[in-house]
Amino acid sequence: MNFDETHITIEIIKSYQAKLLDSVRSDVLIAGAGPSGLLAGYYLAREGMKTVIVEKNLSPGGGIWGGGMCMNEIVIQEGALEIVREIGVRIKKTGQEGLYCIDALELASALTLKAIQAGVRIFNLLCAEDVCVTDQRVTGLVVNRTTIVGQLHVDPITLKAKVVLDATGHDAVVVNFLKKHGYRIFSPTGQMMGEGAMDAPAGERFVEEHTGEVYSGLYVSGMSVCAAFGGPRMGPIFGGMLLSGKKAASLILNHIKTSVVREG
Ligand SMILES: Cc1cc2nc3c(=O)[nH]c(=O)nc-3n(C[C@H](O)[C@H](O)[C@H](O)COP(=O)(O)OP(=O)(O)OC[C@H]3O[C@@H](n4cnc5c(N)ncnc54)[C@H](O)[C@@H]3O)c2cc1C
């Protein structure tokens with residue numbers, strides 16, 4: 001074989017540059033590659049939406065990997081079984097009617113693989129550090145290398161999209177950026193309402209029901225829903241996260257399709 005180390009370097013730079021350049025403007029930009037963000041991305045890309053995820057950590061999967069207190073098994077309920085089967089993850093029956101166990105590593109890996117194979121571009125080690133707002137509408141994210149944020153005085157770059165999804169979990173970082181800049185969100189108080197105390201069944205219902213648009217052009221899924229709208233926390237049960245991701249994808253798809261009709 002006729003190559004040296006510089007050929008390897010050149011191919012990495014060329015391939016990454018092409019991927020990044022093609023992601024500067026997308027249909028949907030998702031902050032956070034946890035269960036809800038990955039699943040939303042999977043469904044959106046499958047419907048032909050150009051979908052980009054920025055993930056601040058090295059590995060996508062968010063809170064899945066650790067299961068409950070580092071026991072890498074997670075629980076899902078009946079309503080999410082169809083989604084889990086669709087992505088090819090094996091399900092184990094439990095002694096409790098309506099509850100099932102899944103290997104956490106299998107779920108995190110399957111969600112990541114399915115999303116990427118459906119066409120989602122996932123950029124790991126890329127951190128959302130602010131939001132773009134144009135004419136009272138969220139239009140993109142300001143991003144920087146995770147290793148730079150808070151360490152070095154280096155300017156970020158900007159990615160724009162028709163719709164942005166905040167799937168950053170408990171911190172609801174994009175909603176927090178709006179708060180920082182003084183915008184009122186679509187919650188009953190106009191403010192971020194903060195996550196409530198643990199109540200797993202109520203939390204699971206809440207997260208699915210309240211998944212939706214939180215500001216013009218910005219949707220929330222997963223634990224960000226609870227942070228924005230004041231829902232209970234629910235611990236290592238993940239059905240609600242998956243159902244929330246699926247619902248977010250369906251609402252966003254509808255949003256983009258109806259915007260196209262409205263704007264001619
Ligand atoms: C420490 C910990 C505490 C937990 N506590 C609870 C709890 O109290 N209640 C509960 O119901 N569940 C809890 N869980 C379980 C589980 O994490 C969540 O329910 C579930 O993972 C949330 O899914 P999600 O899709 O909302 O996002 P998450 O799984 O939280 O994933 C969010 C992703 O967004 C990424 N992200 C965050 N900020 C940025 C940024 N600025 N830019 C780019 N990416 C970003 C994160 O790295 C992460 O990968 C906890 C998990 C962990 C690890």
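Attention in this report is confined to the structure presented alongside it. (Residues numbered from 1 in each chain as written. Predicted model: local features only at pLDDT ≥ 70, side-chain atom pairs only at ≥ 80, totals over all residues.)

Turning next to the overall build of the protein chain. The secondary structure content of the protein chain amounts to 8 helices and 13 strands. Since a compact globule built from 264 residues should have a radius of gyration of about 18 Å, the 19 Å found for the protein chain is in line with a globular shape. When the backbone C-alpha atoms are referred to their principal axes, the protein chain occupies close to 60 × 50 × 45 Å. Looking at the protein chain alone, contacts between residues at least 24 apart form 69% of all its contacts between residues at least 6 apart. (Helix = DSSP H or I, 4+ residues; strand = E, 2+ residues; numbered from the N terminus. Rg over C-alpha atoms; globule rule 2.2 N^0.38 Å. Contact = placed C-beta atoms within 7 Å.)

Looking at the ligand, there are 31 residues lining it, with Gly 34, Gly 62, Gly 63, Gly 169 and Gly 222 nearest. Per-element tally for the shell around the ligand: the top contributor is helix α2 (residues 35-46), with 3 residues. Residues that form the shell around the ligand fall into these classes: 13 nonpolar, 14 polar and 4 charged. (Near = placed C-beta within 6 Å. Nonpolar A, V, L, I, M, F, W, Y, C, P; charged D, E, K, R; others polar.)

Ranked by size, the top nonpolar core spans 71 residues in total, and within it Leu 165 and Val 174 carry the most contacts. Broken down by element, the residue count for this core peaks at 7 residues, all from α2. Leave out the neighbours within four places in its chain, and Leu 165 touches Val 28, Ile 30, Gly 37, Ala 40, Tyr 219, Ser 221, Ala 248 and Ile 252. (Core = buried A, V, L, I, M, F, W, Y, C linked by C-beta atoms within 7 Å. Buried ≥ 20, exposed ≤ 12 C-beta atoms within 10 Å, placed from the backbone.)

Now for the sheet that holds strand β3 (residues 73-77). As summarised here, the arrangement of the 3 strands in space is β3-β5-β4, forming an open sheet in which the pairing is antiparallel. Each end of this open sheet is capped by a strand with a single partner; those strands are β3 and β4 (92-93). Across 5 bridges, the pairing between β3 and strand β5 (residues 99-103) is antiparallel. Bridge assignment links Gln 77 to a residue of β5, and that residue is Leu 99. Seen against the sheet, helix α4 (residues 104-118) touches β3 and β5 and runs at an angle of roughly 75 degrees to β5. (Pairing = 2+ DSSP bridges. Axes fitted to C-alpha atoms, helices over the stretch in contact; angles between N-to-C directions.)

Attention now moves to the packing of α2 against α4. Packing of α2 against α4 leaves a shortest axis separation of 8 Å and a crossing angle of 30 degrees. Our classification of the angle between α2 and α4 gives roughly parallel. In this structure, the crossing between α2 and α4 has a hand that is left-handed. Along its contact with α2, which presents Pro 35, Leu 38, Leu 39, Gly 41, Tyr 42, Ala 45 and Arg 46, the element α4 presents Leu 111, Thr 112, Lys 114, Ala 115 and Ala 118. In terms of residue class, the contact of α2 with α4 is made up of 8 nonpolar, 2 polar and 2 charged. (Parallel < 35°, antiparallel > 145°, perpendicular 65-115°, else oblique. Left-handed = near helix turned anticlockwise from the far one by under 90°.)

Turning to helix α5 (residues 173-180), its buried residues are Val 173, Val 174, Val 175, Phe 177 and Leu 178. Elements that come into contact with the buried residues of α5 comprise β1 (25-31), β7 (126-134), β9 (157-166), β11 (212-215), β12 (218-220) and α7 (223-229). One or two positions beyond α5, positive phi appears at Gly 182, with a value near 90 degrees.

Next up on the list: the environment of Asp 22. When you line up the elements, Asp 22 lands in the loop between α1 (5-21) and β1. Given 12 C-beta atoms within a 10 Å radius, Asp 22 is considered exposed. For the pair Asp 22 and Val 52, spaced 30 residues apart in sequence, the C-alpha separation works out to 9.8 Å.

Turning our eyes to something else, we now look at unusual backbone geometry. Positive phi is not limited to glycine here, since Asp 135 has a value of about 50 degrees. Looking at where Asp 135 falls in the secondary structure, it is placed in the loop between β7 and β8 (137-145). Looking at Asp 135, the number of C-beta atoms within 10 Å reads 7, which means it is exposed. The backbone of Ala 172 sits at a positive phi, close to 40 degrees, despite the residue not being glycine.

As a further point, take the pairing of β5. When β4 meets β5, the two strands line up antiparallel, connected through 2 bridges. Across the sheet, Lys 93 pairs through a bridge with Tyr 100, a residue of β5. Counting the residues between successive antiparallel strands, the hairpin from β4 to β5 contains 5 residues, one of them, Gly 98, with a positive phi of roughly 85 degrees.

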